Amino acid sequence: MIHSASKKYSCLIVEDEPIATEILENFVSRDEEFQLVAKCSDAVYAGTLLNRHDIDLMFLDLHLPVVKGFDFLKKLKNPPLVIVTTAYHQYAVEGYELDIVDYLMKPVPYERFTKAIEKFKYLMNAEEALLEAADREHIFISSGKKQIKIVLHDIFFIESLREYIHIHTKAGTITVKMPISRIEENLDPKIFVRIHKSYIISKSKIEVRSASMIQVMGKKLPIGRTYKPSIEL
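Because the structure is predicted, anything quoted here is derived from the model rather than measured. (Residues numbered from 1 in each chain as written. Predicted model: local features only at pLDDT ≥ 70, side-chain atom pairs only at ≥ 80, totals over all residues. Heavy atoms only, no water.)

## With respect to the sheet that holds strand S15 (residues 213-216)
Phase 1 of the analysis: The strand order across the open sheet built from three strands is S14-S15-S16, with neighbouring strands paired in antiparallel fashion. Only two strands of the sheet have a single neighbouring strand rather than two, namely strand S14 (206-209) and strand S16 (219-222). Neighbouring strand axes in the sheet, compared pairwise and without regard to direction, differ in orientation by 30° on average.
Phase 2 of the analysis: As judged from the three bridges shared by S14 and S15, these two strands associate in the antiparallel manner. Considered in S15, the bridge of Val208 is made with Gln215. (Pairing = 2+ DSSP bridges. Helix = DSSP H or I, 4+ residues; strand = E, 2+ residues; numbered from the N terminus. Axes fitted to C-alpha atoms, helices over the stretch in contact; angles between N-to-C directions.)

## Section: the layout of surface pockets
Phase 1 of the analysis: Empty space within the second largest pocket amounts to approximately 470 Å³.
Phase 2 of the analysis: Lining the second largest pocket are 20 residues, and of these Ile55, Asn78, Pro79, Pro80 and Leu81 lie nearest its centre.
Phase 3 of the analysis: Listed by contribution, the elements that provide at least two residues to the lining of the second largest pocket are helix H2 (43-52) and helix H5 (110-125).
Phase 4 of the analysis: Considering each element in turn, the lining of the second largest pocket owes the most residues, three residues, to H2.
Phase 5 of the analysis: For the lining of the second largest pocket, the class distribution of residues is ten nonpolar, four polar and six charged. (1 Å grid on protein atoms, 1.4 Å probe; cavity = no way out; pocket = protein on both sides within 12 Å on 5 of 7 lines; lining within 4 Å. Points joined across faces, edges and corners; volume = space filled by probe spheres on them. Nonpolar A, V, L, I, M, F, W, Y, C, P; charged D, E, K, R; others polar.)

## Brief notes about the pattern of salt bridges
Phase 1 of the analysis: Summed over the entire model, instances satisfying the criterion amount to eleven salt bridges.
Phase 2 of the analysis: For Lys106, the salt bridge is made with Glu15, and the minimal N-O distance between the two is 2.9 Å. A residue pair is termed long-range when its members are at least 10 positions apart, and Lys106 in the loop between strand S5 (102-105) and H5 and Glu15 in the loop between strand S1 (9-14) and helix H1 (18-29) qualify at 91 residues.
Phase 3 of the analysis: The buried category is assigned to Glu15, whose relative accessible area is 2%.
Phase 4 of the analysis: Here Lys170 and Asp154 are joined by a salt bridge, their closest N and O atoms 3.9 Å apart. (Salt bridge = Lys/Arg side-chain N within 4 Å of Asp/Glu carboxyl O. Buried < 20%, exposed > 50% of the residue type's maximum accessible area, 1.4 Å probe, protein only.)

## Brief notes about the nonpolar core
Phase 1 of the analysis: Counting 23 residues, the largest nonpolar core has Phe34, Leu57, Phe59, Ile83, Phe113 and Phe120 as its most contacted members.
Phase 2 of the analysis: Secondary-structure elements contributing two or more residues to this core are S1, H1, strand S3 (57-61), strand S4 (81-86) and H5.
Phase 3 of the analysis: Ranked by residues supplied to this core, first place goes to H5 with six residues.
Phase 4 of the analysis: Ignoring anything within four residues of it in the chain, the contact list for Phe113 reads Leu24, Phe27, Val28, Phe59, Leu104 and Val108.
Phase 5 of the analysis: Within the second largest apolar cluster, 21 residues are counted, among which are Ile55, Leu62, Val82 and Leu98. (Core = buried A, V, L, I, M, F, W, Y, C linked by side-chain atoms within 4.5 Å. Contact = heavy atoms within 4.5 Å.)

## Let's talk about H2
Phase 1 of the analysis: Among the residues of H2, those classed as buried are Ala43, Ala46, Gly47, Leu49 and Leu50. Here the buried residues of H2 occupy an arc of 165° about the axis, which is enough to place them on one side. Of the residues in H2, the exposed ones pointing more than 90 degrees away from the buried face are Val44, Asn51 and Arg52.
Phase 2 of the analysis: Residues of H2 that are buried make contact with S1, strand S2 (34-40), S3 and helix H3 (69-75).
Phase 3 of the analysis: With a side-chain oxygen lying 3.1 Å from the backbone nitrogen of Val44, the N-terminal cap of H2 falls on Asp42. (Arc of directions from axis to C-beta. Polar contact = N/O pair within 3.5 Å; in protein donor to acceptor, adjacent residues only side chain to side chain.)

Below is the structure:
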């Protein structure tokens, strides 16, 4: 999906701290591609706004009154893309179970905000990819008119974010619109293993492992409860 230059990304700010709301509102206003549709301070009203408006991006504070941010997000049937704002580091671990574009720690610096926004725009504009299994050493992913060759040995891990996947390789990260289950079907189970609904890892790239976590590329990835019995490393 290519986002037309004339259409703006609609966004919603869900934040109960007035100063934090003001900062986000200011940051959003600096980008001409964004339109702030609404702002609110609690999850209940946010749910009403999401039903009323077509929202592309939601900035969600996790420490909300009454209903907490993650509890609210888990109940949404068709949530927009989400950038989380929080003052608490520990929430990031829980977020592995949800599809979050990025985490912004308060107070949010503008430079960090722009990086999160770029991630969002990239996901919104990623085209649906077609996969071609070439041989045991590499695969081709067709995205639009381009064919991207990916050497399987160069893959560290694959991360799912809604209908998109991030393929983390030695050369960098490739983002394409494709369900993680589709690429999993084309990977050799002797080399790759699904450890979570959102993660596939290369067995040879494991740096640290425990009963609940595997570290690859310095990133700690959780092992999903349903995948534990079938994981062979």
